[in-house]
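# Secondary and tertiary structure notes
Given next are the chains, with one letter for each unit.
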Amino acid sequence: MKIFKQMKPFYWNERKRLIISILSLTCATGMNLMYTKLLQFLIDDVIVNEKYELVLTFSFTAAGVIIAKSGMQYLYGFTGARVGNKMVLRLRNACYEKLQYLPYSYYETAKTGDLIARMTVDMDAVRNFIGFDFAQFINMGLTIIFGSVMMLTISWKLALLTLITTPILIWLTFRLDRKAQPAYRDTRSAMSQLSSVAQENIAGIRTVKSFNGMGHEINKFSDKNERYRNKQYEAAKTVAKHYPVIELMANICPILLLIFGGMHVIRGSLSLGELAALFSLTWLIISPMWWIAFHINKYSQAKASGERIFELLQLETSRCMPERTREDAAIPINGEIRFQDVSFYYKENSSTPALLHFSLVASPGSVVGIIGSTGSGKSTILKLLIGAYKIKKGEITIDGKNYDEWHSSDIKQSIAPVFQETYLFAATIRDNIAFGVDNPSDEEITQAAMKAQAHEFISMLPMGYDTVIGERGIGLSGGQRQRIAIARALIRKPKILILDDATSALDMETEYKLQNALKDELAQTTCFIMANRISSIRHADEIIVLDKGQILQRGTHQDLVSLEGPYRSIYLSQYDDSIHKHNHLTLTVEGGEQ
Ligand SMILES: Nc1ncnc2c1ncn2[C@@H]1O[C@H](COP(=O)(O)OP(=O)(O)OP(=O)(O)O)[C@@H](O)[C@H]1O
């Protein structure tokens, strides 16, 4: 029950409805108990005593009880559904909010399908339990108590004899719960894995198709599907093994009653009506006990689901930067960034640093270019700048203040990153550019697109800025997607702009135009440009050459290109062809050929 106590904040607001739902179900069951009395009255007073004039009274009373019971059941269903739905609404929103604030590191291993299963299948299990099964649980308890009392008042000896097997019945149901719970947990986890495989496949379907990996994918899905089936089968086997024994135990009770109760009726110590009432009461008591197993199953499923939901809700959110309170005024950021002897390891006990003794000073409005082979640590610098990870060695400051002392909202308002992998939403180009900015004007959107060199191609699309692009930007070229992502960063008018390999798909001419536009418009913005191409960073105020997280060289393009070293080697490897072409052209012109 601990998990449902933890969930209290999500359904406690609805406690009045929850109580109404429980009470109405209890009343409906009370009507069932009344039936048994009516039955006794019909047999003993109307039929045996031949008072047929009471038939009409009996019929009206019975009809009244039926109508009242239906009304109560409607109320139970209606209020229960409201409680369940409201609770799940809050719970789902809370989970979604949590997903927004979980650290980046969480998403490096998280499985989308599993998260979606928690937000859907698990939520439904919890909703059904809180909305319906919880009331059923209480109702079962009350039925057993009141039904037993009624039986005891009719004939305590027969009541005790009849209910003799019920402790075994209850023990069996609890045993079933113990066995079923792990089986259900496994089933849910298998379902999550199945959803993850399907989700991953759909996300990467282009790679799958182009590498002819359909067969492999089908087998992978089939394995997971089989695993899910097996887990379901194991759970069903556990339940199926217990149910016949439970049913047998349940059936012994009325049989005992019929044997011994029948003998009492023959001897005249019990009326026929009392036996009929006892018989009805026995079933009224036994069926909840029998169904207790079913409801315990539901409870087990809901508990397992609730635990999975709470596991998500209890995860630690992002880095421990203070959030701004209402009283705190926003502090404008100027854009001076310092890395002081920063060393960073992704894993605590890792011996390979992603950055080692990394230092830099970027004054406001300056451009820092970072170049290096793959895995040299360029994206890591971006991740540290956006606060994705907390550093333990060294210090990062913004305008002289330690990064962690800033309010995260101040930093987020001032930093605009453009990631290596462009992510666009399945929405219009306008919405993609405007993402994260409150109601920007058309003018602002167009201006941002112009600076990002995206306006021209957007204007040529039949629907212009209202063109709806597919999931992850499908329908646009890589370079077009990158320019929309850059426009999305520029519309924020950031104080710090980070372009992580964000122009890799642009042709040299467009990249050059973009650089000029940024130079004009972002004179006050500190720019970090991580790239593999010299052309992307040659105009930077300082260029840093990274390798395995360490700085190999730093300086301006002119400085570095004139020195023997890795930068010059990269330069020559990238510009060799154009130098040869240039020399060839010069020679041919000078030699008078052509
Ligand atoms: N989430 C992570 N967990 C563990 N190691 C990581 C993680 N991300 C990156 N690394 C490792 O950190 C090192 C630096 O990676 P980083 O992504 O910063 O390189 P990069 O220079 O941006 O490379 P590329 O140009 O290929 O994108 C690499 O050795 C990489 O394997």
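Just so it is clear, the model here is predicted, and its values are computed rather than measured. (Residues numbered from 1 in each chain as written. Predicted model: local features only at pLDDT ≥ 70, side-chain atom pairs only at ≥ 80, totals over all residues.)

## Things to note about the overall build of the protein chain
- The helix and strand inventory of the protein chain stands at 22 helices and ten strands.
- Here the protein chain holds 594 residues, and 35% of them are scored as buried.
- Excluding contacts between residues fewer than 6 apart, the proportion of contacts in the protein chain whose partners are at least 24 apart in sequence is 80%. (Helix = DSSP H or I, 4+ residues; strand = E, 2+ residues; numbered from the N terminus. Buried ≥ 20, exposed ≤ 12 C-beta atoms within 10 Å, placed from the backbone. Contact = placed C-beta atoms within 7 Å.)

## Regarding the packing of helix H3 (residues 15-48) against helix H4 (residues 55-101)
- Following both chains from N to C, one finds H3 and H4 inclined at 160°, their axes separated by 8 Å at the closest point. As summarised for this structure, H3 and H4 are arranged roughly antiparallel, according to the angle between their axes. Here H3 and H4 pass one another in a crossing that is left-handed.
- Classifying every residue of the contact of H3 with H4 by side-chain character gives 21 nonpolar, six polar and three charged. (Axes fitted to C-alpha atoms, helices over the stretch in contact; angles between N-to-C directions. Parallel < 35°, antiparallel > 145°, perpendicular 65-115°, else oblique. Left-handed = near helix turned anticlockwise from the far one by under 90°. Nonpolar A, V, L, I, M, F, W, Y, C, P; charged D, E, K, R; others polar.)

## Some words on the site of the ligand
- For the ligand, the full set of nearby residues is Glu 108, Tyr 346, Ala 354, Gly 372, Thr 374, Gly 375, Ser 376, Gly 377, Lys 378, Ser 379, Thr 380 and Gln 420.
- Looking at the shell around the ligand, its residues break down into two nonpolar, eight polar and two charged. (Near = placed C-beta within 6 Å.)

## Brief notes about unusual backbone geometry
- With a phi close to 55°, Glu 50 is a non-glycine residue in the positive phi region.
- Owing to 9 C-beta atoms within 10 Å, Glu 50 belongs among the exposed residues under this scheme.
- The backbone phi angle of Asp 399 is positive, close to 50°, even though this residue is not glycine.
- Within the secondary structure, Asp 399 sits in the loop between strand E4 (393-398) and strand E5 (401-402).

## A few points about the environment of Asp 177
- Counting through the fold element by element, Asp 177 comes out in helix H9 (residues 166-203).
- Classification of Asp 177 by C-beta neighbours within 10 Å gives partly exposed; the count is 18.
- Distance from Asp 177 to Ile 292, taken between C-alpha atoms, is 9.7 Å for residues 115 residues apart in sequence.
- Dropping the residues within four chain positions of it, Asp 177 is found in contact with Ile 296 and Ser 300.

## Observations concerning the domain arrangement of the protein chain
- Parsing the protein chain into structural domains produces domain 1 (2-313), domain 2 (337-563) and domain 3 (566-594).
- Each of domain 2 and domain 3 was reduced to a C-alpha centroid, and the two centroids are 31 Å apart.
- Taken together, the contact pairs ten residues of domain 2 with six residues of domain 3.
- Among the secondary structure elements, those contributing two or more residues to the side of domain 2 that touches domain 3 are strand E9 (542-547), strand E10 (550-555) and helix H21 (557-561).
- When its residues are assigned to classes, the side of domain 2 that touches domain 3 shows eight nonpolar, one polar and one charged. (Domains from an automatic or database assignment.)

## Some remarks on the nonpolar core
- Ranked by internal contacts, the top residues of the largest apolar core, which has 66 residues, are Ile 433, Ala 487, Ile 498, Phe 528 and Ile 529.
- Non-local contacts of Ala 487, meaning those with residues more than four positions away in its chain, are made with Ile 433, Ala 448, Ala 449, Ala 452 and Ala 454.
- In terms of nonpolar packing, the next biggest core, distinct from the first, is built from 53 residues, Phe 10, Met 87, Phe 129 and Leu 257 among them. (Core = buried A, V, L, I, M, F, W, Y, C linked by C-beta atoms within 7 Å.)

## Things to note about the sheet that holds E5
- Across the sheet, which stays open at both edges, the four strands sit in the order E2-E1-E4-E5 with antiparallel pairing between neighbours. Only two strands of the sheet have a single neighbouring strand rather than two, namely strand E2 (355-362) and E5.
- By the bridge criterion, five bridges tie strand E1 (residues 337-344) to E4 in an arrangement that is antiparallel. The residue of E4 that forms the bridge with Phe 339 is Ile 396. (Pairing = 2+ DSSP bridges.)

## A closer look at the sheet that holds E9
- Pairing is mixed across the open sheet formed by six strands, whose spatial order is E6-E7-E8-E3-E9-E10. What marks the edges here is a single partner per strand, and that holds for strand E6 (415-418) and E10. For this sheet, the mean inter-axis angle between neighbouring strands, taken without regard to orientation, is 15°.
- Strand direction decides the pairing type here: strand E3 (residues 367-372) and strand E8 (residues 526-531), joined by five bridges, are parallel. Looking across to E8, one finds that Ile 371 is bridged to Ala 531.
- Along the sheet, helix H18 (residues 478-490) makes contact with E6 and strand E7 (496-500), crossing E6 at roughly 175°.

## With respect to the UniProt feature "transmembrane region" (unreviewed entry) in the protein chain
- Following the UniProt record, the feature "transmembrane region" (unreviewed entry) maps to residues 54-76, 129-152, 158-176, 245-266 and 272-293 here.
- In this annotation, residues 54-76 is assigned 96% helix and 0% strand; the end-to-end C-alpha distance for the span is 33 Å.
- The span residues 158-176 is 84% helix and 0% strand, and its two end C-alpha atoms sit 29 Å from each other. (UniProt positions renumbered as here; feature names shortened; annotations may be inferred.)

## Describing helix H16 (residues 442-451)
- Those residues of H16 lying buried are Ile 445, Thr 446, Ala 448, Ala 449 and Lys 451.
- Next to the buried residues of H16 lie helix H15 (429-434), helix H17 (455-460), H18 and helix H19 (508-521).
- Taken from the residues just after H16, Gln 453 is the one with a positive phi, measuring 60°.

## Quick word on the pairing of E1
- Looking at chain direction, E1 and E2 are connected through five bridges and run antiparallel. Looking across to E2, one finds that Arg 338 is bridged to Val 361.

## A short note on the confidence of the model for the protein chain
- With 94% of its residues at a pLDDT of 70 or more, the protein chain shows a mean pLDDT of 85.
- For this predicted complex, the interface score ipTM comes out at 0.96, while the overall pTM is 0.71. (pLDDT = per-residue confidence, 0-100.)

## Quick look at the pairing of E6
- Taking every second residue as pointing to the same face, both faces of E6 are buried, with Ile 415 and Pro 417 on one and Ala 416 and Val 418 on the other.
- Relative to E7, E6 runs parallel, the two being bridged by four bridges. Residue pairing across strands places Ala 416 opposite Leu 497, the latter belonging to E7.

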